[in-house]
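If you want the building blocks of each chain, they are given just below.
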Amino acid sequence: MLDFLSQQYGHAQEALYRYLIEPLLYQFGLMHWAEDAFDGAEWILLGLIQIALIAFGLRLWERFNPAEAQNHQAKSISADMFYTYFHRLGLFHAIVFVVFADLFFQLEGQLHDWRFERFNVESWWPGVTSIPWISFLIYLIILDFVDYCYHRAEHRFQWWWQLHALHHSQKTMTAWSDNRNHFLDDVMRALVFSCCALIIGVSPGQFILLVVVSQFIQSWQHANLKIHLAWTKYLLVSPIFHRRHHAVRLGYEAEHRRGVLGGCNFGVLFPWWDMIFKTANFDQQIYPTGVENLDLPNGVLQHQWQSLKRAWQSLIQNPKGN
């Protein structure tokens, strides 16, 4: 069965490249990107699968077990859908690759010149960590810790928070809400994660799978779902746990210090980091989401411009970013 699915997946990727991507490359004189574009077809295919699962799986699930009653026709959801399509169909990754490809190649060459030994998980315990699913899980945990630290930083500096506040501004959280971010923040995060993956020795194929698995879990975590995971809530961030992070005056402000950045439940996939650094809050109550006194228009361009303007003003007023 798995072999059959693998073969069908391979055929789908080849067909996508041959009948859609390759003609476009030829039409615009970009055939020198052919090899990279074939790999990029995998981003598109996996993105299509994710979008189908969100639309016909998670969104249907939300109707049967919602955390809160919502207007499913809210205009803000349309903007979130655009962000999701843009990221999951590989458009964002393609832009980052084209713009920063030379930078990554130079970094890889520099590491080679320095004879830097990458922290390849596969060589840690031959016969154990070399097993693909074990090395995959270890890489996932390492990168999730990086994500936790990055997320804490977004809530630490005022100018950075003004960019990240776009993500928190959604008052109608759904399975589409994960990619509601400022593009500048997305670029910075992509650079951090790509560099970390390069340093620890994640292969390109594994990196794609790591990103896709993480993305879909985060879509589930942002969904309007009332799910209690019992004891497994300590193993995986649930929609309720993450919803607390998005709660107005609760998830992004320091406890008992209104208006002071801080918050709780920064974990992206695993709550362990919040538990270790004492930022975990397992309250199961449902709270409204959003950012107090921040009402953004529904247009994507307006999102980007207003958030950037607020970040710049914050940086000018407080250069130290505190």
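Use the structure listed above.
Basis of the calculations
- Residues numbered from 1 in each chain as written.
- Predicted model: local features only at pLDDT ≥ 70, side-chain atom pairs only at ≥ 80, totals over all residues.
- Heavy atoms only, no water.
- Salt bridge = Lys/Arg side-chain N within 4 Å of Asp/Glu carboxyl O.
- Helix = DSSP H or I, 4+ residues; strand = E, 2+ residues; numbered from the N terminus.
- Buried < 20%, exposed > 50% of the residue type's maximum accessible area, 1.4 Å probe, protein only.
- Phe/Tyr/Trp six-rings, centres within 6.5 Å; stacked < 30°, edge-to-face > 60°.
- Disulfide = S-S within 2.5 Å.
- Core = buried A, V, L, I, M, F, W, Y, C linked by side-chain atoms within 4.5 Å.

A separate point is the pattern of salt bridges. Overall, the coordinates contain nine salt bridges when judged by the stated rule. Where Arg-59 meets Glu-62, a salt bridge forms, and the shortest distance between an N and an O atom there is 2.5 Å. Linking Arg-59 with Glu-62, this pair stays in helix 2 (residues 34–64), spanning three residues, or about one helical turn. Linking Asp-178 and Arg-88 is a salt bridge whose minimum nitrogen-to-oxygen distance equals 3.1 Å. Here the residue Asp-178 occupies a position in the loop between helix 6 (158–168) and helix 7 (183–200), and Arg-88 occupies one in helix 3 (residues 75–88), the gap between them amounting to 90 residues. Classification of Asp-178 by relative accessible area gives buried; the value is 7%.

Each aromatic ring pair is characterised by the separation of its centres together with the angle its planes make. This model, assessed by the stated rule, comprises 18 aromatic pairs. Here the aromatic rings of Tyr-85 and Trp-176 are separated by 5.9 Å at their centres, their planes lie at 75°, and the arrangement is edge-to-face. In this pair, Tyr-85 sits in helix 3 while Trp-176 sits in the loop between helix 6 and helix 7, placing the two residues 91 residues apart along the sequence. Taken together, the ring pairs connect Phe-145, Tyr-148, Phe-266, Phe-270, Trp-272, Trp-273 and Phe-277 into an aromatic cluster.

The next thing to look at is the state of the cysteines. In a disulfide, the sulfur atoms of two cysteines are held together by a covalent bond. Under the definition given, this model contains zero disulfides. Left unpaired, Cys-195 is separated from the closest cysteine sulfur, that of Cys-196, by 7.1 Å. Classification of Cys-196 by relative accessible area gives partly exposed; the value is 22%.

Another aspect to go through is the nonpolar core. The biggest cluster of nonpolar side chains holds 25 residues, and the ones touching the most others in it are Tyr-139, Leu-140, Val-202 and Leu-210. Only helix 2, helix 5 (132–154), helix 7 and helix 8 (204–222) provide two or more residues apiece to this core. Judged by nonpolar contacts, the second largest core, of 12 residues, contains Ile-54, Ile-77, Ala-223 and Ile-227.

No statement about biological role is implied by the geometric values presented.
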